[in-house]
Amino acid sequence: MKISKEPISNIVLLGYMGSGKTTVGQELALQMSWRHLDLDDYIESKKKMTISQIIESKGILFFRKLEQTCLIELLEGAEQTVISLGGGTPCYYDNMKLIIEAPHTRSIYLRANVPFLTYRLFPEKAHRPLIAATTSEENLAEFIGKHLLERSVFYNQADFTIDVQGKSPELLVREITGLG
Ligand SMILES: Nc1ncnc2c1ncn2[C@@H]1O[C@H](COP(=O)(O)OP(=O)(O)O)[C@@H](O)[C@H]1O
Ligand SMILES: O=C(O)C1=C[C@@H](OP(=O)(O)O)[C@@H](O)[C@H](O)C1
Ligand SMILES: [Mg+2]
């Protein structure tokens, strides 16, 4: 964790798809009267395409490079801002290092277990290109299990971790604002 005498002026939310980064980020920014930026929304408005369209037409590697460029743009300009990342953002290139070393920035891992993520993501899989083709909850749970294990190495480098299961966005915001 960073040791800094400077006050925290940005919060970065990271974690697996469906953990609530976008939803909690919006609520957190509202409560703190800070700006909210969602990296996926930023990419979509910049390219005037959905994330699914970008990945489908240009490929996943193009998306990952674009995602890093946009992450750097958001971190550089951020002040009193809550940034919600995409689920894969911390796991490519040196993105996690960029997040950890960003000045006055606290990173928070919204952690959720495999059954919870499966339950939450299965009805919403159509909007998430990495899991859209999954045919059953069983297959999705197997995919998430392996994927989360690979990604946890990056997520666990966040300054703080908060478990999200069974907690409303409002409760999660209280937990986050109560962190030391
Ligand atoms: N704390 C919460 N309580 C209940 N539903 C939630 C909570 N956080 C997120 N959701 C719901 O879960 C789904 C995924 O949330 P989202 O914010 O899109 O996650 P992420 O950005 O991490 O992929 C959405 O339908 C959202 O409304
Ligand atoms: O986990 C991932 O690799 C991705 C997560 C998505 O964001 P959410 O975590 O907000 O769904 C989005 O960036 C893209 O579909 C890839
Ligand atoms: Mg999101």
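Since the structure is predicted, the reported quantities are computational estimates derived from the model, not experimental observations.

Cut-offs and rules
- Residues numbered from 1 in each chain as written.
- Chains lettered and ligands numbered in written order.
- Predicted model: local features only at pLDDT ≥ 70, side-chain atom pairs only at ≥ 80, totals over all residues.
- Heavy atoms only, no water.
- Pairing = 2+ DSSP bridges.
- Helix = DSSP H or I, 4+ residues; strand = E, 2+ residues; numbered from the N terminus.
- Axes fitted to C-alpha atoms, helices over the stretch in contact; angles between N-to-C directions.
- Near = heavy atom within 4 Å.
- Polar contact = N/O pair within 3.5 Å; in protein donor to acceptor, adjacent residues only side chain to side chain.
- Areas by Shrake-Rupley, 256 points an atom, 1.4 Å probe, with all protein chains shown as cover.
- Nonpolar A, V, L, I, M, F, W, Y, C, P; charged D, E, K, R; others polar.
- Buried < 20%, exposed > 50% of the residue type's maximum accessible area, 1.4 Å probe, protein only.
- Contact = heavy atoms within 4.5 Å.
- Arc of directions from axis to C-beta.
- Salt bridge = Lys/Arg side-chain N within 4 Å of Asp/Glu carboxyl O.
- UniProt positions renumbered as here; feature names shortened; annotations may be inferred.
- Parallel < 35°, antiparallel > 145°, perpendicular 65-115°, else oblique.

J.: Even after reading the chapter, I still don't get the sheet that holds strand β2 (residues 35-38), so can you show me in this structure?
T.: What holds strands together in a sheet is hydrogen bonding between their backbones, with the strands either parallel or antiparallel. Taking strand neighbours across the sheet as the criterion, the 5 strands line up as β2-β3-β1-β4-β5 in an open arrangement whose pairing is parallel. Only two strands of the sheet have a single partner each, and these edge strands are β2 and β5 (160-163). Looking at each pair of strands side by side, their axes are set apart by 20° on average, direction ignored. Two strands pair when backbone bridges link them, and strand β4 (residues 105-111) and β5 are joined in this way by 4 bridges, in the parallel orientation. Note that in β5 the partner of L110 across the bridge is I162.

J.: When you look at the site of ligand 1 in this model, what are you seeing that I'm missing?
T.: Contacts to ligand 1 come from 15 residues, most closely from K21, T23, E124, R128 and K167. Within the backbone of S19, an N or O atom sits 3.3 Å from an oxygen atom of ligand 1. T23 is positioned such that a nitrogen or oxygen atom in its side chain is 2.5 Å from an oxygen atom of ligand 1. Within the complex, 73% of the 560 Å² of free accessible area of ligand 1 lies under protein. Residue assignment for the shell around ligand 1 shows that the elements contributing at least two residues are α1 (21-32) and α8 (169-177).

J.: Would you explain the site of ligand 2 in this entry?
T.: Taken together, the neighbourhood of ligand 2 is formed by 13 residues, with K21, D40, R64, G87 and R151 sitting nearest. Note that an oxygen atom of ligand 2 is positioned 2.9 Å from one of the backbone N or O atoms of G87. For ligand 2, whose accessible area on its own is 390 Å², the fraction buried by protein is 95%. A per-class count over the shell around ligand 2 returns 5 nonpolar, 3 polar and 5 charged.

J.: Sorry if this is basic, but what is going on with the environment of F160 here?
T.: As for its placement among the helices and strands, F160 is situated in strand β5. Looking at F160, the relative accessible area reads 18%, which means it is buried. Remark: the alpha-carbon pair of F160 and I108, spanning 52 residues in sequence, is separated by 4.8 Å.

J.: I'm lost on the side chain of S107 in this one. Help?
T.: Relative to the helices and strands, S107 is located in strand β4. Look at S107 and you get buried, because its relative accessible area is 1%. A polar atom in the side chain of S107 sits 2.9 Å from the backbone nitrogen of D159. When near neighbours in sequence (up to four residues on either side) are disregarded, S107 contacts V12, L14, I99, A158, D159 and F160.

J.: Just to check I follow, could you spell out α8 for this structure?
T.: Every α-helix carries 3.6 residues per turn, so stepping three or four residues along brings you back to the same face. Looking at α8, one finds that the buried residues are L172, V173 and I176. Across the axial projection of α8, the buried residues extend over an arc of 105°, all falling on one side.

J.: Whenever I open this one, the pattern of salt bridges confuses me. Can you help?
T.: Pairs can form between side chains of opposite charge once their charged atoms are near each other. As enumerated under the stated definition, the model contains 7 salt bridges in all. Measuring nitrogen to oxygen at the nearest pair gives 2.9 Å for the salt bridge that ties E175 to K167. The class for E175 is partly exposed, based on a relative accessible area of 29%. The partly exposed category is assigned to K167, whose relative accessible area is 23%.

J.: Before we go on, may I ask you to explain the UniProt feature "binding site: Mg(2+)" (unreviewed entry) in the protein in this structure?
T.: In the numbering used here, UniProt assigns the feature "binding site: Mg(2+)" (unreviewed entry) to T22. In this structure, T22 sits in helix α1. Residue class for T22 comes out partly exposed when judged on its relative accessible area of 32%.

J.: Before we go on, may I ask you to explain the packing of helix α3 (residues 51-58) against helix α4 (residues 60-77) in this structure?
T.: When two helices pack together, their arrangement is captured by the angle between the axes and the distance separating the axes. Here α3 crosses α4 at 130°, and the two axes come no closer than 6 Å. It follows that α3 is oblique to α4 by the angle criterion. Contacts from I51, I54, I55 and K58 in α3 reach I60, F62, F63 and L66 in α4. Its residues assigned to classes, the contact of α3 with α4 shows 7 nonpolar, no polar and 1 charged.

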